[in-house]
Amino acid sequence: MGFEDQRFSVNLSILFTELPLLERPAAAAAAGFTAVELWWPWVDSPTPERTGLDALRKAIEAAGVRLTGLNFYAGQLPGPDRGALSLPGRESERFRANVDVAAEFAGSLGCGALNALYGNRVDGVDPAEQDALALENLVRAARAADRIGAVLLVEALNRPESPRYPLVSADAAVGVVDRVNEATGLGNAKFLMDLYHLSMNGEDLPSVIERYTPRTGHVQIADTPGRGAPGTGSLPLADLLGLLRKAGYDGLIGLEYKPGDRPSAESFDWLPR
């Protein structure tokens, strides 16, 4: 088992970015994909104009692809930010304003997964205060996700690229998942297992897969080093995806890699056809 028996979604916030946002769903469809995912596209606005939301919805529908994953507002991403929900003040308020907007948009397209990035540590703020705020906002997000029949995803990033992000291990992210589920009683918080980030943290990936596949709501991949397409680095992604399948994961695999110095459409030569 490996790539041949997997189903893939393509992340339109890191692939096909050479195209305007509204052209990316059709480009993904032309490349053979039926499922797409997105970071929150409006980095400066947690509550964009209805016309912008409607235009993106229509572009996804017209392309004939499914939106299967969407991030809540996370600040400047890509950029210096790593989420907003644990940041006291304005950014936390922006996250809260976004929760229902993002959930409504996701629900209108049948999207079943909403990802909430935790946010960086802030100088001069007690980490315990940030964690309490994070839990409050994650509970709010989990309830919004539940209203549209979706899961809430909590992701571990990697310390070398995100040194101020507190969730830089599978254990830390799953711990937050457990606290959210305990607080809501809904059981819809899940681990987002990004094999690139976990590899950059030096984790034992087969062990992570064995322990946490039953609590995983989504998987994303890129090769290491470099965050490129499978085969550009040293990560045995085909073998790892085989382990995931054996462990019971039958969901989509999100492609969240950089295409390099070529058009995105040319970066899928590793995929079996």
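Residues numbered from 1 in each chain as written. Predicted model: local features only at pLDDT ≥ 70, side-chain atom pairs only at ≥ 80, totals over all residues. Heavy atoms only, no water.

**Examining the overall build of the protein chain**
Rules: The helix and strand labels rest on DSSP assignments: H or I over at least four residues marks a helix, E over at least two residues marks a strand, and numbering proceeds from the N terminus. Two things to know: the radius of gyration comes from C-alpha atoms, and the globule rule equals 2.2 Å times the number of residues to the power 0.38. The criterion used for residue contact is that any of the two residues' heavy atoms lie within 4.5 Å. To be clear on the numbers: accessible area is Shrake-Rupley with a 1.4 Å probe, and residue cover counts the displayed protein chains and nothing else.
When its secondary structure is counted, the protein chain shows eight helices and eight strands. At 17 Å, the protein chain has a C-alpha radius of gyration in line with the 19 Å of a compact globule built from 273 residues. Projected onto its principal axes, the C-alpha positions of the protein chain cover 50 × 45 × 35 Å. Contacts in the protein chain between residues at least 24 apart in sequence constitute 76% of all its contacts with a sequence separation of at least 6. Summed over its atoms, the accessible surface of the protein chain is roughly 11200 Å², and 50% of this surface lies on carbon and sulfur atoms.

**A few points about the environment of Ala116**
The following threshold applies: The classification of residues rests on relative accessible area computed with a 1.4 Å probe and restricted to protein chains. Under 20% of the type maximum is buried, over 50% is exposed, and intermediate values are partly exposed.
Position of Ala116 among the secondary structure elements: in the loop between strand S4 (113–115) and helix H4 (127–147). In this structure Ala116 comes out as buried when scored by relative accessible area, which is 1%. Taking the C-alpha atoms as reference points, Ala116 and Leu53, 63 residues apart in sequence, are found 19 Å from one another. Not counting the four nearest positions on each side in its chain, Ala116 is found in contact with Phe72, Leu85, Phe95, Leu138, Leu152 and Leu153.

**Observations concerning the packing of aromatic side chains**
Selection rule: Two aromatic rings from Phe, Tyr or Trp, using only the six-membered ring of Trp, form a pair when their centres are within 6.5 Å; if the ring planes differ by under 30 degrees the pair is stacked, by over 60 it is edge-to-face, and anything between is tilted.
In the structure shown here, the tally under the stated rule is ten aromatic pairs. When the ring of Phe72 is compared with that of Phe95, the centres are 5.6 Å apart and the planes differ by 65 degrees; the resulting orientation is edge-to-face. Taken together, the residues span a long stretch of sequence, with Phe72 in the loop between strand S3 (66–71) and helix H3 (90–108) and Phe95 in helix H3 at a distance of 23 residues. Seen in terms of ring centroids, Tyr257 and Trp270 are 6.4 Å apart; in terms of plane orientation they differ by 70 degrees. Their pairing is edge-to-face. Here Tyr257 is found in the segment after strand S8 (253–255), whereas its partner Trp270 is found in the segment after S8, with 13 residues between them in sequence. An identical accessibility class is assigned to Tyr257 and Trp270; each is buried. A network of ring pairs unites the aromatic residues Phe3, Phe8, Phe16, Phe33, Tyr257, Phe268 and Trp270 as a single cluster.

**Looking at the sheet that holds strand S6 (residues 189–194)**
Put simply, the test is: In this description, strands pair whenever DSSP reports at least two bridges between them. For helices, the fitted axis covers only the stretch in contact; all axes are lines through C-alpha atoms, and the angles between them, taken along N-to-C directions, range from 0 to 180 degrees.
Spatially, the eight strands close up into a barrel ordered S1-S2-S3-S4-S5-S6-S7-S8, and their pairing is parallel. Mean inter-strand twist for the sheet, computed between neighbouring axes without regard to direction, equals 30 degrees. Where H3 meets the sheet, it contacts S3 and S4, and its direction lies at approximately 165 degrees from that of S3. The strands touched by H4 are S4 and strand S5 (151–155); relative to S5, the strand with the most contacts, the crossing angle is about 140 degrees.

**What about unusual backbone geometry?**
In the segment running from Leu77 into Pro78, the intervening peptide bond is cis, with an omega of 0 degrees. With respect to the secondary-structure elements, Pro78 resides in the loop between S3 and H3. In this model, Thr224 is joined to Pro225 through a cis peptide bond whose omega is -5 degrees. Along the chain, the position of Pro225 falls in the loop between strand S7 (216–221) and helix H8 (237–246). Even without glycine at this site, Arg227 takes up a positive phi of about 60 degrees. Structurally, Arg227 is set in the loop between S7 and H8. Owing to a relative accessible area of 12%, Arg227 belongs among the buried residues under this scheme.

**Description of the pattern of salt bridges**
This is how it is decided: What counts as a salt bridge is simple: a side-chain nitrogen of Lys or Arg found within 4 Å of a carboxyl oxygen of Asp or Glu.
By the definition in use, this model includes 13 salt bridges. Taking the shortest distance from any N to any O, the salt bridge between Arg94 and Glu91 comes out at 3.1 Å. Residue Arg94 and its partner Glu91 are located together in helix H3, separated by three residues, close to a single helical turn. According to the relative accessible area criterion, Glu91 is buried, its value standing at 18%.

**So, the pairing of strand S2 (residues 35–38)**
Put simply, the rule is: Look down the strands so they point away from you; if going from the first strand over the helix to the second traces a clockwise path, that crossover is right-handed.
With burial as the criterion, each face of S2 is covered, one bearing Ala35 and Glu37 and the other bearing Val36 and Leu38. Where strand S1 (residues 8–11) lies against S2, two bridges are found, and the strand directions are parallel. Residue pairing for S2: Asn11 is matched across the bridge by Glu37. Read as a crossover between parallel neighbours, the route from S1 over helix H1 (residues 24–30) to S2 is right-handed. Summarising the sheet, S2 and S3 pair through four bridges and their orientation is parallel. Residue Leu38 lies in a different strand from S3, and its bridge partner there is Leu70. Viewed along the sheet, the connection from S2 through helix H2 (residues 50–63) into S3 turns out right-handed.

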